Amino acid sequence: MNVIDRIKETVESKPIVLFMKGTPQFPMCGFSSRTVQALKAAGVENLASVNVLEDPEIRANLPRFSNWPTFPQLFIKGELIGGCDIVTELHESGELSRLVAEAQHA
C-alpha cells in the first residue's frame, strides 16, 4: 500500500485523527500540544494520532494529500479541519465540542 493510500485509510477509519509531532501524552512541539489540549477540553474520548516524526513518509506526503503545509493536522470524519490556530478558534467558539460530539456518537 502506498503512503497516500495509508493516509487515506487512516483518516477514513477513525472518527477523529490528529497527525502531530509526538503523541498526545508527549507532544514534541507547542502547536501539537495546544491542539491536543483543545481536543481534550472539547471532550475527545479516543484520539487517534499519528506521530509524523516516526514516519518520514507520512510527514513528507501528508501536506500533498491534505493540501495543508504544516503540522499538526486534524481530521474529523475523514475531513481536514485544519491546524492549531483553526482548532483553537473552533474550541473557543464552541464549535469544536459540537464536531467532536457528532464524530464520537455517529
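Refer to the structure printed above.
What you see is a predicted model; the values in this text were computed from it and never measured.

With respect to the nonpolar core
Soluble globular proteins tend to pack their nonpolar side chains together in the buried interior. Formed by 17 residues in total, the largest nonpolar core has its most connected members in Ile16, Leu39, Leu74, Ile76, Leu96 and Val100. Elements supplying a minimum of two residues to this core: β1 (16-20), α2 (30-41), β3 (73-76), α4 (84-93) and α5 (95-104). For this core, the element with the highest residue contribution is α5, accounting for four residues. Every residue in contact with Val100, bar those within four places of it in the chain, is listed here: Ile16, Leu39, Ala42, Gly43 and Val44.

Quick notes on the packing of α2 against α4
The contact between α2 and α4 brings their axes to 9 Å, and the two run at 25°. In terms of orientation, α2 lies roughly parallel with respect to α4. Regarding α2 and α4, the two cross each other, and that crossing is left-handed. Counting all contacts with α2, which are made through Phe31, Arg34, Thr35, Ala38 and Ala41, the residues of α4 involved are Cys84, Val87 and His91. When the residues that make up the contact of α2 with α4 are grouped by side-chain class, the tally is five nonpolar, two polar and one charged.

A few points about the packing of α4 against α5
Relative placement of two packed helices is described by the angle separating their axes and the distance separating the axes. Interhelical geometry of α4 versus α5 gives an angle of 95° and a closest axis separation of 4 Å. With respect to each other, α4 and α5 are oriented roughly perpendicular. In this structure, α4 contributes Val87, Leu90, His91 and Ser93 to the contact, and α5 contributes Glu95, Leu96 and Leu99.

Re the pairing of β1
The buried fraction of β1 is high, at five of five residues. Of the two faces of β1, both are covered, the one formed by Ile16, Leu18 and Met20 as well as the one formed by Val17 and Phe19. When β1 meets β3, the two strands line up antiparallel, connected through four bridges. Residue pairing in the sheet places Ile16 in a bridge with Ile76 of β3. Bridging between β1 and strand β2 (residues 48-51) involves four bridges; their strand directions are parallel. By the bridge assignment, Leu18 is partnered in β2 with Ser49. Taking the sense of rotation as the criterion, the β-α-β connection linking β1, α2 and β2 turns out right-handed.

Digging into the sheet that holds β2
Read from one edge of the open sheet, four strands run β2-β1-β3-β4, paired in mixed fashion. Looking at strand neighbours, the two that pair on one side only are β2 and β4 (79-82), the edges of this open sheet. When strand polarity is set aside, the average angle formed by the axes of neighbouring strands in this sheet is 25°. The pairing of β3 with β4 spans three bridges and is classified as antiparallel. In the sheet register, Ile76 faces β4, and the bridge partner there is Glu79. On the sheet, α2 packs against β1 and β3 and is oriented at approximately 165° with respect to β1. Here helix α3 (residues 56-66) sits on the sheet and contacts β1, β2, β3 and β4; the angle it forms with β3, its principal contact strand, is near 55°.

Criteria and cut-off values
- Residues numbered from 1 in each chain as written.
- Predicted model: local features only at pLDDT ≥ 70, side-chain atom pairs only at ≥ 80, totals over all residues.
- Heavy atoms only, no water.
- Core = buried A, V, L, I, M, F, W, Y, C linked by side-chain atoms within 4.5 Å.
- Buried < 20%, exposed > 50% of the residue type's maximum accessible area, 1.4 Å probe, protein only.
- Helix = DSSP H or I, 4+ residues; strand = E, 2+ residues; numbered from the N terminus.
- Contact = heavy atoms within 4.5 Å.
- Axes fitted to C-alpha atoms, helices over the stretch in contact; angles between N-to-C directions.
- Parallel < 35°, antiparallel > 145°, perpendicular 65-115°, else oblique.
- Left-handed = near helix turned anticlockwise from the far one by under 90°.
- Nonpolar A, V, L, I, M, F, W, Y, C, P; charged D, E, K, R; others polar.
- Pairing = 2+ DSSP bridges.
- Right-handed = clockwise from strand over helix to strand, strands pointing away.

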